[in-house]
Amino acid sequence: MDIRNIAIIAHVDHGKTTLVNKLIESGIKDDHTVLQERVMDSDALEREKGITILAKNTSIIYKDTKINILDTPGHADFGGEVERIMHMVDGVLLLVDAFEGVMPQTRFVLKKALEKKVKPIVVVNKIDRDAANPQKALNEVYDLFIDLGASEEELDFPVLYGSALLGKMSKKPELTDEGVSVIFDQIIETIKAPEADATKPFKFQPSLIDYNSFVGRMGVGKIYQGSITVGTEVSCIREDDKVIKFRVQKIYQNEGVSKIEVETAYAGDIVSIAGLSDIQVGETLTAVGFEEKMPAIEVGEPTVEMA
Ligand code: GDP
């Protein structure tokens, strides 16, 4: 299946959670094979906990393409998480509130995205607000790109306008009757598929660590090449170049708001791999016999820009 890996970046409260939830609903409507009960599951959970459940990472199938959407912190990021997420994606949705315009975290996350050369799609959100000024917000975004040293080509980003709250999105700066699936079409058009050769030996690098009480620590990352199946023995090249072998215990992928177990995962996809209890960010996992260390993941200095 075709894959697109993107991150969603925004200042806090500009509408990431609302948009991702609308995208999931829209993806479920489009993919008739997805069971209704999953939606109800998450509703029940939401009621139970009284909070919005948003799996940090989401995956949506749209027109036979699997779109992995990674969430990023909307507030100060001291752990280099944004950089590590940029490592896994080829594009970002930059969400900007049409009333508030560009804010400090908008600048911080866009800077990281431009540094990693990932392709942006700008989404001017909340145009339904009374005092919204989409044009002004967009001008601020252009100024920000220029200020961050963007090239002519990088300034040529697509822009969508809409209201995540109302589930409407369009290329026009107005509320039309188009839904948020406009975003999916734009992602498929603008963002390239991950460069990853499924026929080569397995290679993977965790960019993040996930945890569940069942399997403990898991490495979350993109499969750079090859494929991986539960039960396979793989090598882990540690930071000090020591190689240890372990058996893959579980592989998880995102599906809508759920995490699902899969038997096999393929190059280009973003997965969580369990089986090594002390797995660390930046280590390299490879097929046995193909131990070749990947460059360390650079994690920039903690930012003080948010002060
Ligand atoms: P996040 O912090 O980026 O995840 O932002 P949320 O999705 O939690 O949204 C923050 C607030 O803005 C919530 O009260 C949302 O209901 C509201 N909001 C999100 N999108 C829209 C929109 O398109 N229009 C309006 N009027 N409000 C929105």
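Residues numbered from 1 in each chain as written. Predicted model: local features only at pLDDT ≥ 70, side-chain atom pairs only at ≥ 80, totals over all residues. Heavy atoms only, no water.

Turning our eyes to something else, we now look at the nonpolar core. Ranked by internal contacts, the top residues of the largest apolar core, which has 35 residues, are Met86, Leu94, Val122, Val124, Phe145 and Phe157. Contributing elements (two or more residues each) for this core: strand 1 (2–10), helix 3 (81–86), strand 4 (91–97), helix 4 (104–115), strand 5 (119–125), helix 5 (134–147) and strand 6 (159–163). Among all residues touching Val122, those that are not within four sequence positions of it are Leu94, Leu138, Val141, Phe145, Phe157, Pro158, Val159 and Leu160. In this structure, Ala10, Leu19, Leu95 and Ile191 belong to the second largest nonpolar core, which totals 24 residues. (Core = buried A, V, L, I, M, F, W, Y, C linked by side-chain atoms within 4.5 Å. Buried < 20%, exposed > 50% of the residue type's maximum accessible area, 1.4 Å probe, protein only. Helix = DSSP H or I, 4+ residues; strand = E, 2+ residues; numbered from the N terminus. Contact = heavy atoms within 4.5 Å.)

This model, assessed by the stated rule, comprises four aromatic pairs. Both rings, one in Phe202 and one in Phe204, keep their centres 6.2 Å apart while their planes meet at 15°; by these two values the pair is stacked. For the pair shown, Phe202 and Phe204 are each scored as buried. (Phe/Tyr/Trp six-rings, centres within 6.5 Å; stacked < 30°, edge-to-face > 60°.)

Across the nine residues that make up strand 1, a large majority, eight, are buried. Here seven bridges tie strand 1 to strand 3 (residues 65–71), and the two strands are oriented parallel to one another. Residue pairing for strand 3: Arg4 is matched across the bridge by Ile67. The pairing of strand 1 with strand 4 spans five bridges and is classified as parallel. The residue bridging Ala7 from the neighbouring strand is Val92, located in strand 4. (Pairing = 2+ DSSP bridges.)

All right, on to the site of the ligand then. Near the ligand lie 14 residues; those nearest to it are Asp13, Lys16, Thr17, Thr18 and Asp128. Contact with the protein chains covers 73% of the free accessible surface of the ligand, which is 580 Å². When residues of the shell around the ligand are assigned to their parent elements, the largest contribution, three residues, is made by helix 1 (residues 16–30). Taken together, the residues that form the shell around the ligand break down as three nonpolar, six polar and five charged. (Near = heavy atom within 4 Å. Areas by Shrake-Rupley, 256 points an atom, 1.4 Å probe, with all protein chains shown as cover. Nonpolar A, V, L, I, M, F, W, Y, C, P; charged D, E, K, R; others polar.)

With that settled, the discussion passes to the pattern of salt bridges. This model, assessed by the stated rule, comprises 18 salt bridges. Across the salt bridge formed by Asp185 and Lys63, the nearest N and O atoms sit 3.0 Å from each other. Of this pair, Asp185 sits in helix 6 (residues 181–190) while Lys63 sits in the loop between strand 2 (57–62) and strand 3, placing them 122 residues apart in sequence. For the salt bridge of Arg238 with Glu283, the shortest nitrogen-to-oxygen distance reads 2.7 Å. (Salt bridge = Lys/Arg side-chain N within 4 Å of Asp/Glu carboxyl O.)

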